[in-house]
Amino acid sequence: QTRSGSGGLDDLLGSLAGAGGLGGLLGGLAGAIEGRAGQSREGSFREVLQSQFDSTPEPAETPTAAQEAAAALMIRAMIQAAKSDGKFDQAEQRKIVEQLGEVGPEERAFVEAEFRRAVDPEGLAGTVPRGLEQQVYMMSVLGIDLDSQAEAQYLDRLARAMRIGREQVNAIHAHLGAPALYA
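Residues numbered from 1 in each chain as written. Predicted model: local features only at pLDDT ≥ 70, side-chain atom pairs only at ≥ 80, totals over all residues. Heavy atoms only, no water.

(A) Representation of the overall build of the protein chain. Secondary structure summary: the protein chain contains 10 helices and 0 strands in total. Written out in order from the N terminus, the α and β elements of the protein chain read α-α-α-α-α-α-α-α-α-α. A burial count over the protein chain gives 48% of its 183 residues as buried. Residue pairs in contact within the protein chain that sit at least 24 positions apart in sequence constitute 79% of those at least 6 positions apart. For the protein chain, the accessible area works out to roughly 9000 Å², and carbon and sulfur atoms hold 47% of it. (Helix = DSSP H or I, 4+ residues; strand = E, 2+ residues; numbered from the N terminus. Buried < 20%, exposed > 50% of the residue type's maximum accessible area, 1.4 Å probe, protein only. Contact = heavy atoms within 4.5 Å. Areas by Shrake-Rupley, 256 points an atom, 1.4 Å probe, with all protein chains shown as cover.)

Next comes the structure, spelled out in structure tokens:
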């Protein structure tokens, strides 16, 4: 799918480049995610995500295995959402890989494996630790433009699988400036 305008995968990828690629995102985002995992305040993940996209000269701390797992889950959520409309072609995959910047073979292999993974919102939901459901959902919304029925159906299935209610889903969408999912 081609992304144009504001929002969606292109903006997220541009921000990844500014954050030092996937490695920078995994390092910086992971610690913040783990520290906020027990919070349910809807803006917490967005604030963490935005703070990681700011250019800062401070070196990133080395993340723990749990932190890396949480950050990898967020990346997986974004890729799953980007693929949800069925138009995730080689050009779009190449664009994501190029935006990763300098990453090691493990990070690149992880992302490439996610490209090959079938879109499975219920499977993704089954891997989400308790307390991270809203953050995973937010990352999914940030990964798309929500301009197709397939994307809306994907988000609906993901929200239901993670037991996020319709009102909360619409509140997340409103907070992110995305179209409401439910009328």
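(B) Focus on unusual backbone geometry. Here Leu146, not a glycine, exhibits a phi torsion of approximately 50°, which is positive. Within the secondary structure layout, Leu146 lies in the loop between helix H8 (133-142) and helix H9 (149-161). For Leu146, a relative accessible area of 15% gives the class buried. For Arg163, which is not glycine, the phi torsion reads 60° and is therefore positive. Mapped onto the elements, Arg163 comes out in the loop between H9 and helix H10 (166-176).

(C) Structural detail: the pattern of salt bridges. Per the stated rule, a full pass over the model turns up 4 salt bridges. In this structure, Glu114 and Arg76 form a salt bridge, with 3.4 Å as the shortest nitrogen-oxygen distance. Taken together, the positions of Glu114 in helix H6 (residues 105-116) and Arg76 in helix H4 (residues 65-83) put the pair 38 residues apart, joining distant regions of the chain. Here the two residues Glu114 and Arg76 agree in accessibility, since each one is buried. A salt bridge links Arg157 to Glu122; its shortest N-O distance comes to 2.6 Å. Taken together, the positions of Arg157 in helix H9 and Glu122 in helix H7 (residues 121-125) put the pair 35 residues apart, joining distant regions of the chain. One connected set of salt bridges, linked through shared partners, spans Arg76, Glu114 and Arg117. (Salt bridge = Lys/Arg side-chain N within 4 Å of Asp/Glu carboxyl O.)

(D) Inspection of the confidence of the model for the protein chain at higher detail. Per-residue pLDDT for the protein chain averages 74, and the proportion of residues at 70 or more is 64%. Predicted confidence is poor over residues 1-7, with pLDDT under 50, and the contacts of this stretch with residues over four places away or in other chains come to 20 contacts. Every residue in residues 15-23 scores below 50 in pLDDT, and together they form 20 contacts with partners more than four places removed in sequence or on other chains. (pLDDT = per-residue confidence, 0-100.)

(E) The nonpolar core, seen in detail. Counting residues in hydrophobic clusters, the biggest one holds 38 residues, and the most contacted among them are Val136, Tyr137, Leu155, Met162 and Leu181. The dominant element in this core, judged by the number of residues it contributes, is H4, at 9 residues. Setting aside anything within four residues of it in sequence, one finds Leu181 in contact with Tyr137, Leu146, Ala152, Leu155, Asp156, Val169, Asn170 and His173. (Core = buried A, V, L, I, M, F, W, Y, C linked by side-chain atoms within 4.5 Å.)

(F) Local environment of H9. An ideal rise of 1.5 Å per residue puts 18 Å on 13 residues; H9 measures up with 18 Å between its terminal C-alpha atoms. Every buried residue belonging to H9 is among Glu151, Ala152, Tyr154, Leu155, Asp156, Leu158 and Ala159, and all of these are buried. Buried residues in H9 make contact with H4, H7, H8 and H10. The first or second residue beyond H9 is Arg163, which carries a positive phi of 60°. (Expected span 1.5 Å × (residues − 1).)

(G) Spotlight on the side chain of Ser84. Its place among the elements puts Ser84 in the loop between H4 and helix H5 (90-99). By relative accessible area, Ser84 is classed as buried at 11%. Contact partners of Ser84, with chain neighbours within four places excluded, come to Val119, Ile144, Ala150, Glu151 and Tyr154.

(H) Main features of H8. Counting buried residues in H8 gives 9 out of 10 residues, a clear majority hidden from the surface. For H8, the full list of buried residues reads Gln134, Gln135, Val136, Tyr137, Met138, Met139, Ser140, Val141 and Leu142.

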